[in-house]
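The lines below spell out each chain.
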Amino acid sequence: MAVARIPFVALGVSMLVAACSAAPEEIGVESSALGSNQCVSAKEQSTANIACPAGQTITKVVFASYGTPAGVCGGFSAGACNASTSTSVLSSKCVGKNACQIGSNNGVFGDPCPGTQKTLLAQVECSGGGGTTTPIDPTPTQGSSQVCASVNQNANAVLTCPSGQTISSIGFASYGTPTGACGSFAASSCNEPSSKSKVEAECLGKSTCTINANDGYFGDPCWGVSKALKIQATCSGSTSGEPTTPTTPPTPPATSDGKVYLGAYPGNGGCVYPAIENCVSWYEQQVGKKMAIVHAFSSFENGWDDWFTRVSQSGHTLMLTINPASKAIPDILAGVYDADLKRWGKAAADHSSGPIFFRYMHEMNLPNNPAGWMADHYGAANYIAAFRRVHDMLNAGAGSNTKIIHVWAPNVFWGAANASNSIWFKPYYPGDAYADWVGLDGYPMSPTDSFDAQFGPSLALLESMTSHPIMIAEYGVVEMNPVGTWKANWFTDLFGAQVGKHPQLKALFYQDGTDGGTDHRIDTSAQAVAAFKAAIAPAKFASSYP
């Protein structure tokens, strides 16, 4: 994002504020300042980012107004349009923290003047710590150990726990110009704020992890300066080979029995609520076999709770893809959807007799995807934080009766398998503790798009990232010359040779329908239907979960 820096003088110190673009895809402003006060200006539908120097915290909201405020830092004043909640919202979100994010939108503050373009102006006071030290974990407790890594820019930082232990927390991480030795690392004025969350996404729950210290992954906190990456982590668990129990164990998926679960979105003919079971019945008649898992779509805001009961009573397990209508990462981070997500979690616990797969925030790696998250604009750290919040709110709603299986599913990538590729999905992984299954979406669209060509590189990347079970969450095949034969051969290859190459591949969801002018209905030719029927006939392709 191009940032214009506007100098102004207030409270006896020289200060800077980053002006925010009005484009809705911009996350908001990045603020920098000298002295004890920080100011921010964020236009409606952007996100205000407020950060104190390292080691300091926000102790007071000096001024806040969402509406039509005016003035410069140190001289802000509220306009005739002013949300009365402005100061209380900022105080609850920011006081006591080193940094915070606030969505500048009506969902957070209410709408003080409908039809008027609004702005958030805020000034906060930072204090404490001298601005030089970032706290790290205290002395490790019994059964844990500390590991550190310190590398220069473009080198690999490797964290390796003792045998039997895994990385349980990241006490310190800074990409920039950090100083100190293991146990006394400190951030400097050049510090990428997302360093810790990105390291957590890569490393938590693993016995070893490798992160390349580069601007492409972390961002560039200080242009033209040679940077370094320093990390301190805590490893926990038994070093004697005894298994450890995670604090919050995910729902254990049944994947060790050699089965591959059949699934489908039965959209051919318009599968809409509440007639989902009719569509499932039609699809199963076509393919000659019952599906184990039925895939359906809804939104955070909808309340189709009885789908859980209807699908469960029909002898199927449900995978529900839910997304907010706005797909706005700042809104999720601001808690706009917390109540909706808790309601979904409670409904899943109350109305289903078995497990339920929840897939959300999928295909995040597609740039400018109108059906996606524009995570390339918001950044991997914000995407991960939003995904984790959805996870936590669903579980909070379900309580101790949770049956939820969380699914993270990017689109397949093509091109280079590294961070130089804008659709490489590895930076967006929320961590093993937040995804019970991982998945892929992909649609072959040319004669060279065999299953291996379309999905192979992405499967290899997932297999290197996690030991969790993998699903193909969406795939649909169009007819190509020779009509009938090409599609039939694709199905035969998938269920024959390809599944056996990927032991972690445990579920396959066909996307039956049309989309964007493409026709990937299962019954586009007699040959395709016959090949699909024959391919899924073996008993290893299961019709019930688990």
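Residues numbered from 1 in each chain as written. Predicted model: local features only at pLDDT ≥ 70, side-chain atom pairs only at ≥ 80, totals over all residues. Heavy atoms only, no water.

## Observations concerning the sheet that holds strand E9 (residues 119-127)
On the basis of which strands lie adjacent, the open sheet formed by three strands has the order E5-E9-E7 and antiparallel pairing. In the strand order of this sheet, the two ends are held by strand E5 (37-43) and strand E7 (57-67), each with one partner. Averaged over all pairs of adjacent strands, the angle between their axes in this sheet comes to 15°, without regard to strand direction. (Pairing = 2+ DSSP bridges. Helix = DSSP H or I, 4+ residues; strand = E, 2+ residues; numbered from the N terminus. Axes fitted to C-alpha atoms, helices over the stretch in contact; angles between N-to-C directions.)

## Topic: the sheet that holds strand E12 (residues 166-176)
What the three strands build is an open sheet, ordered E10-E14-E12; its pairing is antiparallel. Unpaired on one side and paired on the other, strand E10 (144-152) and E12 mark the two borders of the sheet. In this sheet, neighbouring strand axes are inclined to one another by 15° on average, regardless of whether the strands run parallel or antiparallel. Bridge count for E12 against strand E14 (residues 228-236) is nine bridges, and the pairing is antiparallel. Within E14, the residue paired with Tyr175 across the bridge is Leu229. Where helix H3 (residues 195-203) meets the sheet, its contacts fall on E12 and E14, and the angle it forms with E12 comes to roughly 145°. (Contact = heavy atoms within 4.5 Å.)

## Let's talk about helix H12 (residues 485-501)
When the terminal C-alpha atoms of H12 are compared, their 23 Å separation across 17 residues agrees well with the 24 Å that a helix rising 1.5 Å per residue should span. The sharpest bend along H12 comes to roughly 40°, located at Leu494. (Expected span 1.5 Å × (residues − 1). Bend = angle between axes of the 7 residues up to and from the residue.)

## Here we look at the environment of Val158
Considering the arrangement of structural elements, one finds Val158 in strand E11 (residues 156-160). For the pair formed by Val158 and Val147, sequence separation is eleven residues and the distance between their alpha carbons is 9.7 Å. With sequence-adjacent residues up to four places away left out, Val158 is seen in contact with Ala149, Thr208, Cys209 and Thr210.

## Regarding the pairing of strand E6 (residues 46-51)
Taking burial as the measure, the six residues of E6 include five buried ones, the bulk of the element. Sheet topology places E6 next to strand E8 (residues 99-104); six bridges connect them, and they run antiparallel. Across the sheet, the residue bridging to Ile50 is Cys100, located in E8. (Buried < 20%, exposed > 50% of the residue type's maximum accessible area, 1.4 Å probe, protein only.)

## Overview of the state of the cysteines
According to the stated counting rule, one finds six disulfides in the structure shown. A sulfur-sulfur distance of 1.9 Å marks the disulfide that ties Cys148 to Cys182. The chirality of the disulfide connecting Cys148 with Cys182 is right-handed, given an S-S dihedral of about 65°. Of this pair, Cys148 sits in strand E10 while Cys182 is found in the loop between E12 and H3, placing the two residues 34 residues apart along the sequence. Residue class for Cys182 comes out partly exposed when judged on its relative accessible area of 47%. Residue Cys161 pairs covalently with Cys235 via a disulfide, S to S 2.0 Å. Across the disulfide from Cys161 to Cys235, rotation about the S-S bond amounts to roughly -80°, and the bridge is consequently left-handed. Within this pair, whereas Cys161 is found in the loop between E11 and E12, its partner Cys235 is found in strand E14, the two being separated by 74 residues in sequence. Cys161 gets classed as buried once you look at its relative accessible area, which sits at 9%. (Disulfide = S-S within 2.5 Å.)

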